[in-house]
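These are the residues of each chain, in order.
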Amino acid sequence: MGNSKEKRIKKLKRNRIWPYILGLFLLLFIFVGVLFAALGSSAVGIIQSNLIDSCAQSERIAEVFKDYNSETKEKTEQKILSNIDILEEIEAVSVRDKDKNPIWSTSGEYPSTDESIGTGFLLDDEDKNYSIILYDKETQPFSFDDDEITINPDYFKNNNYSNNKTPDITDTFANAKLWFVIPVNDMEVMILNNITLYYQDFIMMITSVLLCAVMIAIFVIYYLISVISMILGVRRTTKVIYTDMITGGDNQLSFIRNGTKLLKKNRYGQQNYAALHLEMRKYSSFCTCFGVNKGQELIEDFYKVLRKEIHKKEALSHQENAAFSLLLTYTDKNELEARVAKMRNSLNKVLPEMKMYFNTGIYEVPANEIDVEQFYNNAMIACEMSGDESENSIAYFDVEMNKQKLWERKVENDMDRALTNKEFQVYLQPKISTSEEKLGGAEALVRWIHPTEGFIPPNRFIPIFEKNGFILKLDDYMLEEIARVQSEWLAAGRTLVPISVNVSRAHFTREDLAEHICAIVDKYNVPHSVIELELTESAFFDDKNVLLNTVQKLRRAGFKVSMDDFGAGYSSLNSLKELQIDVLKIDADFFRGADAEERGLLIVSEVIDLAKKLNMKIVAEGIESREQVEFLTEQECDLIQGYFYAKPMPVPEFAQKYEM
Ligand code: C2E
Ligand code: CA
Ligand code: CA
């Protein structure tokens, strides 16, 4: 897998966890802060409310003493005693006169000071080492303002009580016993308040802690949910990355991942593995006929079928178009091929009314190797190299194929530069007339003089150009070169013979081909009759009408048109019927092979006969021996092209050799 691709996938799958952790700490921090603030303010709130309660209760008690005299004494005391049991925070009530002589007390307790100054209340807390604070209506020791209790430090200083300490409000009040000294008539009513802050605070604290716990729990749940959803998100992304959008099954990445796992497990070579590329032929034609949607449905069905054919320790994925990659276990080639045949049968059952053909490329995986991507690549190369000659092909990858693939890549890389730099050279091979044994024509054949590879014959690059379409440019270039050469020779006063150029089948998709050819040739002002165009009957398979029209137009424009490699195809005679041409080039194969002697030559003589009757000239190609020349002369074949006379040669050499 490419490095950048791998990186991209990793990036897609990655989901950073640190923002979650940071978020967790931040939120915890905020919660704790809020909790402390809440606890603090609630404690103050309680103190305040308890204080207010105590003051109110004490004042009510003091009120009772307003009517206190010798007559009401008993009744009042009784009332206080019965109330004191009910009022939880009141511990004791004592009364004394102006001179601080005790009058009456519920418990016999009096504030432990002589220094009380009129109205006020007293704080009695020995632990804290300040026992009394006095309350003055003007300078209260505390002020209650909304939710806050403020201590008036001046008060404690000015009243020179035992140690002049400012009490710590929360602490002190938690343990507070307060004497409230309230003047009533000539008396001081003193009420000992025990403010039980702890109890209420505890409840409040428990509530706060519970509240906080609930908040933390909610937060932790929220956090867990987000972590889980993050994990699910990662899993979902991973699934998307490894899923094929058409079949919903595994895709190429998944195939490589699963395949690698399988091969790693197989490190002791328990199983033989083979990587396969299985592809339906003419899938694009299927889509053209039935539409892309039907095509995708077909692929989906194919995938389901193949899934059923796959065993446990094997892998399968959809590639592009109607191609699938497979990693299969096998015992021997026969068994493997039988399985492929079975798969093809099952695939054919998807559309029983239609016969479908499949090409298969196979790469036998060497033991202990795990580069699934490379193996599958090899299978794909094998499939590509198998061509589409047979109906269902199976091809095994070999090193040669790889070399060929690399070569193809090189050719494709270099071809544009080669055309610009004029690395393609025109070679001419003479056609010699049988009647006079003199030059009657020539064929232009391309050679590639490569800066590093040297001389390259056309069979090493023409098929590649035919596949990738570059042949269109090359043929135009050759035609133009020939037009230029002819115009130069014409200007030099030489007698011209027709020179043929090859027009590849790929040209016959354009309807204005004839006009296009005219335009190229007319740049050089040469008569069209000195240019011959060689086409092969395979052009019939593309668009017959374009072929027939183009040939007609070209002939009307004065070009000669010849049919190359006649007899090499399947429907030669048929094409002769429909296509009106000037020259028939008999394929070199008739003069080769075991039965060349009898059957081949018999056919040749009949073809020559037929061509004569159809008013065509005959050229025999690939003629290498004197016997062949003699035979063809006897049969009145018009021209002979072959090594017997000359191999193709560079233009200057040709010009010199055949001075006219
Ligand atoms: P072709 O058009 O059939 O060309 C004839 C081929 O037969 C040439 O091969 C020629 O060198 C070869 N030949 C001629 N006489 C003999 C002989 O006596 N014995 C043997 N063994 N071979 C002989 P070449 O030049 O290698 O070209 C091969 C093919 O490449 C051509 O077959 C043609 O199809 C294609 N080709 C060459 N140049 C061009 C071009 O410019 N455009 C296109 N489209 N195709 C070209
Ligand atoms: Ca030719
Ligand atoms: Ca030929």
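Every chain is numbered independently, its residues counted from 1 as its sequence is written. Here the convention is simple: chains get letters from A, ligands get numbers from 1, in the order in which they are written. Totals for whole chains, interfaces and linings use all residues, but because this is a predicted model, local features are given only for residues with pLDDT of at least 70 and pairs of side-chain atoms are given and counted only at 80 or more. Calculated side-chain values reflect all of the structure's heavy atoms, with hydrogen atoms and water omitted.

1. So, the site of ligand 1
Test applied: Put simply, a residue is near a molecule or strand once any heavy atom of it comes within 4 Å of that molecule or strand. By the criterion applied in these results, polar contacts are pairs of N or O atoms within 3.5 Å in which, for protein atoms, one can donate a hydrogen and the other can accept it, and in which residues neighboring in sequence qualify only through two side-chain atoms. Computed with a 1.4 Å probe, the accessible areas rest on the Shrake-Rupley method; for each residue, only the protein chains presented here act as cover. The helix and strand labels rest on DSSP assignments: H or I over at least four residues marks a helix, E over at least two residues marks a strand, and numbering proceeds from the N terminus. Note on residue categories: nonpolar means Ala, Val, Leu, Ile, Met, Phe, Trp, Tyr, Cys or Pro, charged means Asp, Glu, Lys or Arg, and polar means any other residue, Gly included.
In the neighbourhood of ligand 1, 22 residues make up the surrounding shell, with Gln429, Arg447, Asp475, Glu624 and Tyr643 lying closest. In the model, a nitrogen atom of ligand 1 is placed 2.9 Å from a nitrogen or oxygen of the Gln429 side chain. Within the contact set of ligand 1, an oxygen atom lies 3.1 Å away from a side-chain nitrogen or oxygen of Glu443. Protein contact buries 80% of the 780 Å² of open area that ligand 1 shows by itself. In terms of residues, the shell around ligand 1 owes the most to one element, strand 14 (residues 439–450), which gives four residues. Tallied by class, residues from the shell around ligand 1 come to nine nonpolar, five polar and eight charged.

2. A short note on a nonpolar patch on the surface
Quick note on the threshold: Patches draw on residues past 30% relative accessible area with no salt bridge. Two like charges within 9 Å are joined, as are two nonpolar side chains (Val, Leu, Ile, Met, Phe, Trp, Tyr) within 5 Å. Salt bridges are defined by distance alone: a side-chain nitrogen of Lys or Arg within 4 Å of a carboxyl oxygen of Asp or Glu. Type-normalised accessible area, obtained with a 1.4 Å probe on protein chains alone, sets the label of each residue: buried when under 20%, exposed when over 50%, and partly exposed for intermediate values.
On the surface, Ile17, Trp18, Ile21, Leu22 and Phe25 cluster together into a nonpolar patch covering about 540 Å² of accessible area. Judged by its relative accessible area of 36%, Ile21 is partly exposed.

3. Digging into the coordination of the calcium ion (ligand 2)
The criterion, for reference: Because water is not among the atoms used, a metal site may look incomplete, as its donors are only the N, O and S atoms within 2.8 Å, or 3.2 Å for Na, K and Ca.
The protein atoms that coordinate the calcium ion (ligand 2) are Glu443 (OE), Asn502 (OD1), Glu534 (OE) and Asp564 (OD), at distances of 2.1 to 2.3 Å. Between the two metal centres, the calcium ion (ligand 2) and the calcium ion (ligand 3), the spacing is 3.9 Å, with Asp564 acting as a shared donor. With Glu443 in strand 14 and Asn502 in strand 16 (residues 499–502), this residue pair connects regions lying 59 residues apart in the sequence. Among the residues examined, Glu443 registers a relative accessible area of 2% and is labelled buried. You can call Asn502 partly exposed: its relative accessible area is 26%.

4. Description of helix 16 (residues 544–556)
We count it as follows: By this rule, a helix spans an expected 1.5 Å times one less than how many residues it contains. Comment: arc refers to directions from the helix axis out to C-beta atoms.
Helix length check: helix 16 (13 residues) gives 18 Å between terminal C-alpha atoms against 18 Å at 1.5 Å per residue, within 8%. Listed in full, the buried residues belonging to helix 16 are Val546, Leu547, Thr550, Val551 and Leu554. For helix 16, the angular spread of the buried residues around the axis is 125 degrees, confining them to a single face. Helix 16 presents Asn545 and Arg556 as exposed residues on the side facing more than 90 degrees away from its buried surface.

5. Here we look at the coordination of the calcium ion (ligand 3)
The coordination sphere of the calcium ion (ligand 3), as far as protein atoms go, consists of Asp564 (OD), Asp565 (OD), Glu621 (OE) and Glu621 (OE), spread over 2.2 to 2.5 Å. Positions of the donor residues of the calcium ion (ligand 3) along the chain correspond to the pattern D-D-x55-E. The buried category is assigned to Asp564, whose relative accessible area is 7%.

6. Topic: helix 10 (residues 333–348)
So the rule is basically this: Whether two residues are in contact is decided by their heavy atoms: any pair within 4.5 Å suffices.
Given a rise of 1.5 Å per residue, 16 residues ought to cover 22 Å, and the 22 Å separating the end C-alpha atoms of helix 10 matches this to within 8%. Looking only at helix 10, the buried set comprises Leu336, Arg339, Val340, Met343, Arg344, Ser346, Leu347 and Asn348. Of the surrounding elements, those touching the buried residues of helix 10 are strand 8 (272–280), helix 9 (292–309), strand 10 (323–330), strand 11 (358–365) and strand 12 (393–396). Here helix 10 starts with a cap whose side-chain oxygen sits 3.0 Å from the backbone nitrogen of Asn334, and that cap is Asp332.

7. Some points on the confidence of the model for the protein
Interpretation of this model should avoid reading the predicted coordinates in detail wherever pLDDT is low. Note the following rule: pLDDT is a per-residue confidence score from the predictor, ranging from 0 to 100.
Averaged over all residues, the pLDDT of the protein is 84; the fraction at 70 or higher stands at 82%. The lowest-confidence element of the protein is strand 3 (residues 120–123), averaging 43 in pLDDT; the highest-confidence one is strand 16, averaging 98. Overall, residues 114–137 carries pLDDT values under 50, and its contacts beyond four positions in sequence, including any with other chains, amount to 82 contacts. Low confidence marks residues 155–175, where pLDDT is under 50. Its contacts with residues over four positions away, or in another chain, come to 55 contacts.

8. Thoughts on the packing of aromatic side chains
Applied cut-off: Ring geometry is summarised as follows: Phe, Tyr and Trp rings, the Trp one being its six-membered ring, pair when their centres sit within 6.5 Å, and such pairs are stacked at plane angles under 30 degrees, edge-to-face over 60 and tilted between the two.
All told, the structure shown has 22 aromatic pairs when counted by the stated rule. For the ring pair Tyr363 and Phe375, a centre distance of 5.5 Å and an interplane angle of 25 degrees mean the geometry is stacked. Of this pair, Tyr363 sits in strand 11 while Phe375 sits in helix 11 (residues 372–385); the two residues are twelve residues apart in sequence, bridging distant segments of the chain. Exposure remark for Tyr363: the relative accessible area of 15% places this residue in the buried category. Taken together, a centroid distance of 6.1 Å and an interplanar angle of 10 degrees make the contact between Trp489 and Phe654 stacked.

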